[in-house]
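What follows is each chain in one-letter form.
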Amino acid sequence: MGASGEAVNLVDTVVSRLVELGGKPATFKGMVSVTVGRERLVEAIKLAKGAGFEMISDIFGIDYLTYPGHQGERFTVAYNLYSVSENERLFVRVDLDEHTTLPTITHLWSGANFMEREVFDMFGVVFEGHPDLRKLITPEDLDGSPHRKDFPLGETPTLFNEGRFLDPAAFRAGLTGKDEGLTGWKGGARKGVKRDG
Amino acid sequence: MATFLILAVVMIVGAVGVITLKQPVHAALALVGTLLTLAVTYVTLEAHFLAAIQVIVYAGAIMVLFLFVIMLLNIQGETPPAVLAWFRPLAYIVAVVAAAAIATTAFMEPRSLPDEVQIATALQGGGVEPIADVLFSDFLLAFQLVGVLLLTGIIGAVSLVQRKVVAVQEARADGATKELEHA
Amino acid sequence: MVATEYYVALSSILFAIGAVGVLTRRSAIMVFLSVELMLNAANLALVAFARQWSGAGSITALSGQTAVFIILALAAAEVAVGLGILVSIFRYRASTDVDALAEIRL
Amino acid sequence: MSVLDIAKGMGVTLGHLFKRPVTVRYPEQPVDVKPRFRGRHHLLRHPSGLEKCIGCSLCAAACPAYAIYVEAAENDPDDPVSPGERYASIYEINMLRCIFCGMCEEACPTGAIVLGHEFELADFVYQDFTYGKDDMLVGVMGSKWQRREATQKGRDVRVGLSSGPRPELEGVDY
Amino acid sequence: MDPLLITLAKALLLCLTLLGVFAYMTVIERRILARMQHRLGPNRVGPFGLLQPIADAIKSIFKEDIVVSAADRLIYFLAPFISITFALSAFGAIPAGPAGSLFGFDPWIMDLDIGLLYVFAATSIGVYGIFLGGWASNSKYALLGSLRSSAQLISYELGLGFSALTVLMIAGTLNLREIVELNVWSVSPLLWLPLAVAFFTFLISGIAEVNRTPFDLPEAEQEIVAGYLTEYSSIKWALFQMAEYVNMMTAAAVVSTLFLGGWRGPGFVDAFIPGMSEWPFIWLILKMAIFMFLFIWLRGTLPRFRYDQLMRFGWVYLFEIALGAALLAGAVIVFAG
Amino acid sequence: MTVKERETAVRVAEHAGSEFETKYMRINVGPQHPSTHGVLRLVVDLDGERIAGIKPQIGYLHTGFEKTMENRTYQQGVTYSNRMDYLHGFGHDLAYVLSVEKLLDAKVPIRAEQIRVILNELNRIASHLVFFGTGILDMGALTLFFYTMREREKILDLFEMVSGVRMNYGYFRVGGLSKDLPEEFVPAARAFCNEFPRMLEQYATMFVKNDIFVNRTKGIGVISKEQALDYGLTGPSLRASGVPLDFRKAQPYSGYENYDFDVPTSEVGDAFVRFMMRFEEMSESLKIVVQVLDQLEEGPVKDPDRRISLPPRSELETSMEAVIFHFKLVTEGFHPPRGEVYVPTESARGELGYYLVSDGGSMPYRVKVRVPSLMNLQSLEPACIGGLFADMVVNIASMDPVMGDVDK
Amino acid sequence: MGLRDLFERDVQELEQEGILFSTLGKLVAWGRSNSLWPATFGLACCAIEMMQSTNARNDLARFGSEVFRASPRQADVMIVAGRLSKKMAPVMRRVYEQMPDPKWVISMGACASSGGMFNNYAIVQNVNSVVPVDIYVPGCPPRPEALVYAVMQLQKKVRGEAFDQRGVELPMVEGWAR
Amino acid sequence: MYTNLLLMFLVAGFIGAAALVAGRLLGPKKAGVTKLAAYESGVPASGSARERFPVHFYLVAMLFIIFDIETAFFYPLAVKFKAAPAFLYANGIIFVLVLAIGYVYILKKGVLNWK
Ligand code: SF4
Ligand code: SF4
Ligand code: SF4
């Protein structure tokens, strides 16, 4: 937003100041987000908090590994900031790669604790300076970060009589190719795979 | 006599348990057993009220306090003494000699018991009313002094323990969050 | 009716056992337990003597029992304070070993 | 006054003591499920007696739990099972996987699969939960276990329902 | 007949009756609670669910009896034993009718001159059951539960003692039979107030003594799972439950005996059937039933206290009020005759 | 550092720390514990009865919702969303379909929006009823639970009437609803609205005015306004701490701006107020339901766009075009344009929103649910420390976490 | 000792051998079947319906099964109500093991029974792989009446009246152990 | 009279013991390591249960002893009360007052304040 809006609302002011910090603003359907550099992250968020975004609503990651046509770094971590008094919302985003780390913002909001742990757990993004960076949700013995796109969903076949079964992944692949049209489905009978023996 | 013997044996076994059992809770329980048997002995000695009070106060209150303390302080069984190994047998010998001495003294000059009627009229079963008669005449001063004694007990115990509790708690409340490591 | 002497003998045995406990046990609480045992041994003798004295009239005879009653109160106060000391010491030291306690100047 | 308030609260409980309990005496007294309730599936037939299902697998595609397995076969023109070209030679639902969401019902172009009202499906062995066509074609009453028990005891199948069939099932001849 | 044999028979009868009543109390409680909660309660097993306790009993007996490996085995077994033994025997001192009214025998097991003290003594030993049970299990919930409940039990024992003083002062005896025989109406009306106050304090302490809502901290499921019972299974658990219910009955019986004339019925019933108020058992049972219902009713309605509130309530309010009632009663006796 | 290395490092550190004996008794509350509302596990350090430290350990109900939803079509997503917060399923459904609709720019008919509001608010009441019943059950009172459940049963009857199931509805569709209301719904809902206030009064007599309840909750677990914002608390618990944030008012959706209702707020921030917030919210929700019932408009309940909603059954028999759309929608679903959306809504527990990333395919590329319970759970720490063990139970209850919502 | 030996082994075991196919065995089975106390093991949505099954309308109490015990030591049947995550599975196994024998398991709902719609890395795809399941209850969630029905089914099983599709009688107590 | 008491105890004890023995004999036994471990919400117990506890419990028990003795002394007083009301009342009041000092002391010290 920012450029076209004449209203001096909180988001606009913050965005303009973040742009000064090297942020790249973007707007989609009324949602404003600013992508900032990794090293300016804490600064940017501190700025936003000081300007009036008193609450951190969420921190989450996105893995763009299989996103068609995605360029740039693999992960994005987004900070969902909300201003209770002004009723406005701002997404601060950082892009990062597999082995880069992010600074923690737990000193700004205690609530960021679980959120950062969740991102660490689900994406393996390490937050430097986090007081207690352990897995939050997945079991201790689970190796890997489930929300990465290269982590398998881990489906098991549904069993039917006489050894018939239906493998969800294969079945789904037949249904939804990425191309247009009634992909995969040709109107004929579709057979499940028979278990041998 | 049979009753007495049974009671005596139970009591002595209990008493030996008190001083030999390793686990403090067990020892305390042995003492409870001894005390309960003692209460029964009181009944045979025509001291009914005392028997009840013995159970209520000694077994029901004092020993509970003991157990509480054992549990609160989490006292485990003791380690065998490293030094003074010669002390143990000595203690046993001294004790046996002393007990024998007292017992023989008692038996040296046997007295006959008053007859049953006399006992019954004098002790009146050791019920609460006769005790009350004595307590509020000859022992009146003692009765009031008990009040003072208990007061001292309260103040003593509370002042020993309570001040520190508050201090410790405050100290803990401060450091609590930081100290907690993660499970 | 069992003669008083037997009770006295029993009492002295209990007392001696208690004394052994006091002397040999190392944990303060166990020493305390033994002391209670000794106290009760004494009580037993008192009650037994009370019966022996029933010839001398009700008040005299019951004095023995009443005395035991008072002693119970005494024991209660003693235990309350004694264990209080124990607890407060224990808060600073990890053991109730009497030998170790000997070093403390209260 | 607090005692009074507590007394009032106690009055409420005491009052309920003398009210008629709202309990439905279920096994004896049938349950009154709502018309839209979704229970065990039924496979419908046309009034002519032909099966509605054409083996198109749309239901399987719509199922979020992947609980439906369909194998279609060509109809024998002399003795058609369904009016279309094809029919489902194997139609199985894994009742344990199924979450009774009704997506299959919505997806079926011919309205062949419909979720009925029967909910007494509890059974003992995992394998017994794959319901085939025989277990679901309209006209079959009760769950597998209920029918099994009924045959063994020589009784009628009794289902604990009072409501009529689902509207979709109504007026279907078979 | 040998009086000892008769006593033995009476004792057996009493114990078995108490057990039977315990079994049925559980069902009655479940059903009454159910009705209060607008539902039916157990009604499938036998007519009206009457066989439910039998099914539960069979189940319990034939259930595995787990002895936790970290437990102190001896004490682990001793605890339920102590609980049930002292709970059952406490009841023996309650008189249930006038002398000789049980087919020529006395409807009580013992008539002690220190009857009330006996009951107190037996219940005070009952604390050990709970205390040791929790300690022996060597589980945190159990330990916490047992510490809490023993602290609670001993605290409210004081309330019991102080409340009883008022009655004792008026009755001048510790013998329960004599207390019952004392005619309430002969007491100066000025004493009714302290008596009423003492009745309430005694009742409340009694409820607390038997761990019923709102004082059911020891078993506070939502905090410490099942309290001192956490590790107990099958019959041992049942024994604890049994002890709890028997204690409930004892509490009900003692309250009725001390304050409501025990086995004596109201005088007006004599107008219908002469001597009816002197019939053994029924009046006592009736009064007990009222209290038992009260216990259930309270359980059905109230939330429980928090531990500190409960202790404060006992030590500050109940204690002072009970003592005040006793002092008031004393003053009335001194100044008004 | 990889996850694995990191974990090992932490574990080593923990091990080293354990050598120093703490004076506290460490006790595990949960995962299988009657007061933790499911599978919450709290590692509590007790200093006697007092809580010296409390660490929520979660994940015992981790279901992989987000990842699974990324592998299902948008339409199938509605069967998943409601199972997260199973007590307020319609709230999750609503949040999910709103996000997808925003992606698609779907036009939801007014009637559909109104029905959504009715169901959402009724569901809020049902959720609060469970909250109240179990909350007070946690304090040892048995009966209120049965009364609230009795009323909840009536609401569930309404839901069953509409959606065919008592829980986990999956009734909303992107672009509208799966079916219209049945005829008997409106009178039944009205009947419920008429009798419910009486029930609320009954609860008030039994509990809100009960001294034991008041004493157990007043002054317990106070969370200040600053703490609340610091911890990202939302929903009734936040409003109890004095921040009047309610997305139904702040950023109205589904036509909430057309209805007149209050947002109960308080400054106190203790457990009692948190209970009361929800108690008052029940009557407010009822107010909304009554208003919507009065204003209910006739009309379609689905977006007429064939690329979004399935055609009606009758059309399938007549129009080939409808059949093709139908096949395409079922097998493949629709393809929203690329983009990322987030729509905050107010669930019974707080701010709830689905952050959807679309790559133009038929399945969401990334689903991130901003669940209120997870964030609310963190505030247990400031609320509990220094309080009594028994208060912890009250605090958990007053936060009203739903573990499905926490762990996803 | 005869009696002791008899009961050292499970009653059911003996019944298979025909030793205890007697009134006593039937009585015990009757008692057990009518006093099935569930351990609270609510996991997810199904747990809410499990709670609802004790409510005023459905009242599981009628079958003597409303006594939800917080401690597994006093419970007879574990109702696994909801999705069992892999993180929770060891916990459940532990709770199950801490229940005294004989014990039963009801797997309530699609998730517990087969993973249901959550066919993924996080959810155990059939509780039977963790504890032996006696009764499966399909549904998502099964309505309370379905759970009541399942309890009745379990009663049948405990009384030895259950058999599978092939007519094979099912043992009263699964002798399943790991 | 006291033989009756003994009998009562024997019978009660017998019933308790019989039940315990029956339970031991009749229940199945399938012990395992996990089964016999302490229950702690389904996770392995962290730390030992035998820990130290707060001193409040000690204070409660201590106060209980003191006041229990007090009641014990009141029983004779109450029973004999009618015989010499004024005299006993005066004595009782003095006794109570002395202890009341202690009671006020503990109130002041906050012993009864668990918060
Ligand atoms: S009801 Fe849902 S889960 Fe069941 S078969 Fe149909 S689509 Fe699949
Ligand atoms: S039931 Fe319907 S959707 Fe499924 S295969 Fe048959 S016709 Fe197609
Ligand atoms: S089966 Fe359905 S209701 Fe039950 S836990 Fe799974 S999703 Fe929830």
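Our structure's up above, just so we're on the same page.
Residues numbered from 1 in each chain as written. Chains lettered and ligands numbered in written order. Predicted model: local features only at pLDDT ≥ 70, side-chain atom pairs only at ≥ 80, totals over all residues. Heavy atoms only, no water.

Draft legend 1. The overall build of chain H, seen in detail. Counting secondary structure elements, chain H contains three helices and zero strands. The secondary structure elements of chain H, listed N-terminal to C-terminal, are α-α-α. Per-residue burial for chain H yields a buried fraction of 63% across its 115 residues. Total accessible area computed for chain H in this model is approximately 4,000 Å², and 74% of it derives from carbon and sulfur atoms. (Helix = DSSP H or I, 4+ residues; strand = E, 2+ residues; numbered from the N terminus. Buried < 20%, exposed > 50% of the residue type's maximum accessible area, 1.4 Å probe, protein only. Areas by Shrake-Rupley, 256 points an atom, 1.4 Å probe, with all protein chains shown as cover.)

Draft legend 2. Layout of the overall build of chain C. Scanning chain C from N- to C-terminus turns up four helices and zero strands. The order of α-helices and β-strands along chain C, N terminus first, is α-α-α-α. Looking at chain C residue by residue over its 106 residues, the buried ones come to 65%. Nonlocal contacts in chain C, meaning residues at least 24 apart in sequence, comprise 60% of its contacts between residues at least 6 apart. As displayed, chain C offers around 3,400 Å² of accessible surface, 69% of which is attributable to carbon and sulfur atoms. (Contact = heavy atoms within 4.5 Å.)

Draft legend 3. Representation of the packing of aromatic side chains within the structure. One pass over the full model with this rule turns up 67 aromatic pairs over all chains. Taking the centre distance of 6.5 Å and the plane angle of 75° together, the rings of Phe 90 of chain F and Tyr 171 of chain F count as edge-to-face. Here the residue Phe 90 of chain F occupies a position in helix α4 (residues 89-104), and Tyr 171 of chain F occupies one in the loop between α6 (143-163) and β4 (172-173), the gap between them amounting to 81 residues. Of the two residues, Phe 90 of chain F and Tyr 171 of chain F, both sit in the buried class. By way of ring pairs, the aromatic residues Phe 49 and Phe 143 of chain B, Phe 69 of chain C, Phe 162, Trp 315 and Phe 319 of chain E together with Phe 67, Phe 73, Phe 74, Phe 95 and Tyr 103 of chain H are connected into one cluster. The ring of Trp 109 of chain A has Lys 49 of chain A lying over it, and the distance from NZ or CZ to the ring centre is 5.0 Å. The ring of Tyr 96 of chain G has Lys 103 of chain G sitting right over it, with the charged end atom 4.4 Å from the ring centre. (Phe/Tyr/Trp six-rings, centres within 6.5 Å; stacked < 30°, edge-to-face > 60°. Lys NZ or Arg CZ within 6 Å of the ring centre and 35° of its normal.)

Draft legend 4. View of empty space enclosed by the protein. Residues and elements named next belong to chain E. Taken as a whole and judged by the stated rule, the model has 19 cavities of 30 Å³ or more. Lining the largest cavity are 24 residues, and of these Thr 123, Leu 153, Glu 209, Val 210 and Asn 247 lie nearest its centre. Broken down by secondary-structure element, the contributors of at least two residues to the lining of the largest cavity are α3 (73-91), α4 (115-137), α5 (140-171), α7 (192-209) and α9 (234-259). With eight residues, α9 is the single largest residue contributor to the lining of the largest cavity. Class assignment of the residues belonging to the lining of the largest cavity gives a composition of 15 nonpolar, seven polar and two charged. (1 Å grid on protein atoms, 1.4 Å probe; cavity = no way out; pocket = protein on both sides within 12 Å on 5 of 7 lines; lining within 4 Å. Points joined across faces, edges and corners; volume = space filled by probe spheres on them. Nonpolar A, V, L, I, M, F, W, Y, C, P; charged D, E, K, R; others polar.)

Draft legend 5. Representation of the site of ligand 3 in the model. Around ligand 3 lies a shell of 14 residues, among which Asn 168 of chain F together with Cys 45, Cys 46, Cys 111 and Cys 140 of chain G are the nearest. At the site occupied by ligand 3, nearby residues are drawn from chains F and G. When contributions to the shell around ligand 3 are tallied by element, the ones reaching two or more residues are α4 (45-52) and α6 (109-114) of chain G. Sorting elements by how many residues they give to the shell around ligand 3 places α6 of chain G first, with three residues. Along the lines of polarity and charge, the residues of the shell around ligand 3 split into eight nonpolar, four polar and two charged. (Near = heavy atom within 4 Å.)

Draft legend 6. Main features of the sheet that holds strand β1 (residues 38-39) of chain G. Residue and element names in this part refer to chain G. Reading across from one edge, β1-β2-β3-β4 is the order of the four strands in this open sheet, with parallel pairing throughout. A single partner strand is all that each edge strand has here, and the edge strands are β1 and β4 (135-137). Pairing analysis gives three bridges linking strand β3 (residues 104-108) to β4, with the strands arranged parallel. Bridge assignment links Ile 106 to a residue of β4, and that residue is Ile 135. Against the sheet, α4 contacts β2 (77-81) and β3, and its axis sits at roughly 130° relative to β2. (Pairing = 2+ DSSP bridges. Axes fitted to C-alpha atoms, helices over the stretch in contact; angles between N-to-C directions.)

Draft legend 7. Quick peek at the interface of chain B and chain C. In this assembly, 83 residues from chain B lie in contact with 71 residues from chain C. The interface formed by chain B and chain C contains zero salt bridges. Along the contact surface separating chain B from chain C lie four residue pairs in polar contact (both at pLDDT 80 or more). Breaking the side of chain B that touches chain C down by element, the ones donating at least two residues are α1 (2-20), α2 (24-44), α3 (48-73), α4 (87-108), α5 (116-123), α6 (128-135) and α7 (140-179) of chain B. If you tally residues by element for the side of chain B that touches chain C, the top one is α3 of chain B, at twelve residues. Broken down by class, the residue content of the side of chain B that touches chain C amounts to 62 nonpolar, 13 polar and eight charged. (Salt bridge = Lys/Arg side-chain N within 4 Å of Asp/Glu carboxyl O. Polar contact = N/O pair within 3.5 Å; in protein donor to acceptor, adjacent residues only side chain to side chain.)

Draft legend 8. Quick look at the pattern of salt bridges. Tallying each qualifying case throughout the model produces 60 salt bridges over all chains. A salt bridge links Arg 74 of chain A to Asp 63 of chain A; the nearest nitrogen and oxygen atoms lie 2.9 Å apart. In this pair, Arg 74 of chain A sits in the loop between β3 (55-63) and β4 (75-83) while Asp 63 of chain A sits in strand β3, placing the two residues eleven residues apart along the sequence. Like Arg 74 of chain A, the residue Asp 63 of chain A is buried in the burial classification. Note that Asp 262 of chain F is salt-bridged to Lys 287 of chain F, the shortest N-O span being 3.7 Å.

Draft legend 9. Geometry of the packing of helix α5 (residues 110-137) of chain F against helix α7 (residues 185-208) of chain F. All names here are of chain F. Running from N to C, α5 and α7 cross one another at 25°; their axes reach a closest spacing of 13 Å. Judged by the inter-axis angle, α5 sits roughly parallel to α7. In this structure, the crossing between α5 and α7 has a hand that is left-handed. Of the residues in α7, those touching α5 at Ile 118, Leu 119, Leu 122, Ile 125, Leu 129, Phe 132 and Ile 136 are Phe 185, Phe 192, Phe 196, Tyr 203, Phe 207 and Val 208. For the contact of α5 with α7, the per-class residue count stands at 13 nonpolar, no polar and no charged. (Parallel < 35°, antiparallel > 145°, perpendicular 65-115°, else oblique. Left-handed = near helix turned anticlockwise from the far one by under 90°.)

Draft legend 10. Geometry of unusual backbone geometry. For the peptide bond that leads from Cys 140 of chain G to Pro 141 of chain G, omega is -10°, which places it in the cis range. The topology assignment puts Pro 141 of chain G in the loop between β4 and α7 (144-158). You will see that Lys 29 of chain A, though not glycine, has its phi angle at about 50°, which is positive. The class for Lys 29 of chain A is partly exposed, based on a relative accessible area of 26%.

Draft legend 11. Structural context of the sheet that holds strand β3 (residues 50-57) of chain F. Residue and element names in this part refer to chain F. The three strands are arranged β1-β2-β3 in an open sheet whose pairing can be described as antiparallel. Of all strands in the sheet, those with a lone pairing partner are β1 (25-29) and β3, marking the two edges. With direction set aside, neighbouring strand axes in the sheet form an average angle of 20°. Strand direction decides the pairing type here: strand β2 (residues 41-47) and β3, joined by seven bridges, are antiparallel. Along β3, the bridge assignment pairs Leu 46 with Ile 51. Those strands touched by helix α17 (residues 389-399) are β1, β2 and β3, and its axis lies near 150° from that of β2.

Draft legend 12. Expanded view of a nonpolar patch on the surface. Residue and element names in this part refer to chain E. On the surface, Phe 268, Phe 272, Ile 273, Trp 279 and Ile 282 cluster together into a nonpolar patch covering about 540 Å² of accessible area. Along the chain, Ile 273 falls in the loop between α9 and α10 (282-301). Assessed through its relative accessible area of 38%, Ile 273 is described here as partly exposed. (Patch = residues over 30% accessible without salt bridge, like charges linked within 9 Å, V, L, I, M, F, W, Y side chains within 5 Å.)

Draft legend 13. Examining helix α2 (residues 52-61) of chain E more closely. In terms of residue burial, α2 of chain E counts as a mostly covered element, since seven of its ten residues are buried. What α2 of chain E keeps buried is the set Gln 52, Pro 53, Ala 55, Asp 56, Ile 58, Lys 59 and Ser 60 of chain E.

Draft legend 14. Looking closely at the nonpolar core. If you look at the biggest cluster of nonpolar residues, it comprises 273 residues, and the most contacted ones within it are Tyr 79 of chain A, Tyr 91 of chain D together with Met 392 of chain F. Ignoring anything within four residues of it in the chain, the contact list for Met 392 of chain F reads Val 29, Leu 42, Val 44, Ile 51, Ile 54 and Cys 384 of chain F. (Core = buried A, V, L, I, M, F, W, Y, C linked by side-chain atoms within 4.5 Å.)

Draft legend 15. Layout of the side chain of Arg 32 of chain G. For Arg 32 of chain G, the position within the fold is in helix α3 (residues 23-33). The exposure class assigned to Arg 32 of chain G is buried, which follows from its relative accessible area of 5%.

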